[in-house]
Amino acid sequence: MAEIKKIGTIKVIICDDSKNAAKHGAEIFAEVINKKPDVVLGLATGSTPVELYKELIRMNKEGALSFKRVKSFNLDEYLGLTGDHPQSYRYFMNKNLFDHIDIEKSNTLVPDGTSKKPEVSCKQYEESIKKANGVDLQLLGIGSNGHIAFNEPGSPLTSRTRVVDLKENTINDNARFFSNKSEVPKKAVTMGIGTILEAKKIVLIATGANKKNAVSKSLNGKPDTDIPASFLQNHPDCTFIVDKEASSQL
Ligand code: GLP
């Protein structure tokens with residue numbers, strides 16, 4: 001069971017737990033993909049979307065969903081990590097989704113973390129999104145400081161794909177995936193807030209008590225650069241799917 005409310009422009013689906021949140025998210029994805037088999041997806045990494053990806057894999061294996069004509073653009077990548085590094089987001093996407101579904105790998109794009117000319121490859125990433133006629137459905141997680149993708153507090157509304165410095169608390173949050181904190185890259189390549197807001201439809205998933213502040217500030221406060229996810233209030237079709245813990249301050 002889920003409770004649905006509208007906070008400003010944003011639809012908020014409050015689920016009992018993270019499993020149900022993943023199910024709701026996967027249903028939205030399946031509906032959009034089934035309606036438009038050559039859909040362009042924007043995909044996210046982090047621990048939150050893993051369950052949702054498992055659901056999509058299940059539907060694909062059961063024959064209820066096909067990714068044959070789907071194209072995808074990932075939000076971000078650590079600077080300096082090659083795609084075969086176990087903590088790179090390319091590796092994450094292969095392991096948690098692409099290796100298990102019928103998507104063409106050549107249709108899955110992730111920003112290049114090892115480009116010798118990052119400004120050039122960031123521009124090319126933006127151009128590839130444009131050439132694909134933009135992202136139809138964008139999945140987002142949220143950082144405990146309110147970041148989306150790697151758009152840290154202070155990121156402008158108009159920002160595009162670029163190289164960014166990670167904040168100390170993001171490095172601390174993400175250190176759990178590395179064998180030690182000093183291995184976490186200090187920089188990343190990320191789609192900008194302006195890039196993300198151009199997606200036709202956006203779904204943000206947030207679960208767990210450590211997201212409750214970020215979720216309430218994103219929805220209850222005015223859009224502000226201190227909480228990048230609050231800029232989603234400017235989007236005409238954005239849904240937050242949260243569990244009880246993440247919604248406890250709404
Ligand atoms: C990283 C990613 C974000 C993600 C965030 C939250 O910083 N760049 O896209 O939303 O982590 O991750 P988690 O879902 O593990 O809490």
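Throughout this description, residue numbers start from 1 for each chain and increase along the sequence as written. Thresholds applied to this predicted model are a pLDDT of at least 70 for local features of residues and 80 or more for the giving and counting of side-chain atom pairs; totals over whole chains, interfaces and linings are not thresholded and use all residues. Just so you know, side-chain values use all the structure's heavy atoms and leave hydrogens and water out.

Trainee: Looking at this structure, I do not really get the overall build of the protein chain. What am I missing?
Mentor: The helix and strand labels rest on DSSP assignments: H or I over at least four residues marks a helix, E over at least two residues marks a strand, and numbering proceeds from the N terminus. Across its full length, the protein chain carries seven helices and 11 strands. Relative to the globule expectation of 18 Å for 250 residues, the C-alpha radius of gyration of the protein chain, 17 Å, shows essentially globular dimensions. Any two residues whose heavy atoms approach within 4.5 Å are treated as being in contact. A separation of at least 24 residues holds for 76% of the contacts in the protein chain among residues at least 6 apart in sequence. For every accessible area listed, the method is Shrake-Rupley and the probe measures 1.4 Å; residues are considered covered only by the protein chains on display. Total accessible area on the protein chain is roughly 11300 Å²; 50% of this is exposed by carbon and sulfur atoms. Charge counting treats Lys and Arg as positive and Asp and Glu as negative, with His and both chain ends excluded. Charge placement uses NZ in Lys and CZ in Arg. For Asp and Glu, CG and CD serve respectively. In the protein chain, which carries 35 positive and 31 negative side-chain charges, the distance between the mean positions of the two groups comes to 2 Å. C-alpha atoms define the radius of gyration in this analysis, and the globule rule sets the expected value at 2.2 Å times the number of residues to the power 0.38.

Trainee: Would you explain the pairing of strand β9 (residues 187–190) in this entry?
Mentor: As a general feature of sheets, a regular strand has side chains that alternate between the two faces. Two strands pair when backbone bridges link them, and strand β5 (residues 76–78) and β9 are joined in this way by three bridges, in the antiparallel orientation. Across the sheet, the residue bridging to Y78 is A188, located in β9. Strands are treated as partners if at least two bridges between them are detected by DSSP. Taken together, the four bridges between strand β8 (residues 162–165) and β9 define a ladder with antiparallel strand orientation. If you follow V164 over to β9, its bridge partner there is A188.

Trainee: Even after reading the chapter, I still don't get the sheet that holds β8, so can you show me in this structure?
Mentor: One open sheet holds the three strands; their spatial order is β5-β9-β8, and the pairing between them is antiparallel. Strands with a single pairing partner mark the edges of an open sheet, and in this sheet they are β5 and β8. Going from strand to strand, the sheet's axes swing by 30° on average, the running direction of each strand aside. Every axis in this analysis is a line fitted to C-alpha atoms, fitted for helices over the stretch in contact. Angles between the N-to-C directions lie between 0 and 180 degrees.

Trainee: Looking at this structure, I do not really get the site of the ligand. What am I missing?
Mentor: Near the ligand lie 14 residues; those nearest to it are S47, T48, D76, R176 and K211. Between the ligand and S47 there is a distance of 2.7 Å, counted from an oxygen atom to a side-chain nitrogen or oxygen. Protein chains bury 95% of the 390 Å² of accessible surface belonging to the ligand in isolation. In this text, near means that some heavy atom of the residue lies within 4 Å of the molecule or strand in question. What qualifies as a polar contact is a pair of N or O atoms within 3.5 Å, subject to a donor-acceptor requirement within protein and to the restriction that residues adjacent in sequence count only when both atoms come from side chains.

Trainee: When you look at the pattern of salt bridges in this model, what are you seeing that I'm missing?
Mentor: Once their charged atoms are close, side chains differing in charge can pair, the charge on each being opposite to the other. Salt bridge criterion: a side-chain nitrogen from Lys or Arg within 4 Å of a carboxyl oxygen from Asp or Glu. Summed over all chains, the structure comprises 14 salt bridges. Among the salt bridges present, the one from D99 reaches K105, with a minimum N-O distance of 2.7 Å. Given a relative accessible area of 47%, D99 falls into the partly exposed group. Think of it in three bands: with a 1.4 Å probe and only protein chains considered, a residue is buried below 20% of the maximum accessible area for its type, exposed above 50%, and partly exposed in between. Of the residues examined, K105 reaches a relative accessible area of 39% and is grouped as partly exposed. The residue K201 makes a salt bridge to D237 at a minimum N-O spacing of 3.4 Å. Taken as a pair, K201 in strand β10 (residues 201–206) and D237 in the loop between α7 (212–220) and β11 (238–243) lie far apart in primary sequence, 36 residues in all. What makes K201 partly exposed here is its relative accessible area of 23%.

Trainee: Sorry, what's going on with the sheet that holds β10 here?
Mentor: Strand pairing in a sheet relies on backbone hydrogen bonds, with the paired strands running either antiparallel or parallel. Taken in spatial order, the eight strands of this open sheet run β1-β2-β11-β10-β7-β3-β4-β6, and their pairing is mixed. Only two strands of the sheet have a single partner each, and these edge strands are β1 (2–7) and β6 (108–109). Direction of pairing for strand β7 (residues 137–140) relative to β10: parallel, over a ladder of four bridges. Of the residues in β10, the one forming a bridge with L139 is V203.

Trainee: Help me understand the confidence of the model for the protein chain, please; the structure alone is not making it clear to me.
Mentor: When pLDDT is low, close inspection of the predicted coordinates is not appropriate. For every residue, the predictor states its confidence as a pLDDT score lying anywhere from 0 to 100. Mean pLDDT for the protein chain: 97, with 100% of residues reaching 70 or above. Ranking the helices and strands of the protein chain by mean pLDDT puts β7 first, with 99, and helix α5 (residues 168–174) last, with 94.

Trainee: Would you mind showing me how to read the state of the cysteines here?
Mentor: Only a pair of cysteine sulfur atoms within 2.5 Å counts as a disulfide in this structure description. Across all of its chains, the model carries zero disulfides by this definition. In this structure C15 is a free cysteine whose sulfur lies 15 Å from that of C238, the closest cysteine sulfur available. Residue classification places C15 among the buried residues on the basis of a relative accessible area of 0%.

Trainee: Would you explain α7 in this entry?
Mentor: Note on helix geometry: an α-helix contains 3.6 residues per turn, so any two residues three or four positions apart are oriented the same way. For α7, the set of buried residues is A214, V215, S216, S218 and L219. For α7, the elements touching its buried residues are β1, β2 (10–15), β10 and β11.

Trainee: Mind showing me how you'd approach the side chain of T190 here?
Mentor: Here T190 is to be found in strand β9. From its side chain, T190 meets the backbone nitrogen of F150 in a polar contact 3.0 Å long. Here T190 is in contact with L75, D76, A149, F150, N151, R160, T161, R162 and V164, once residues within four sequence places are set aside.

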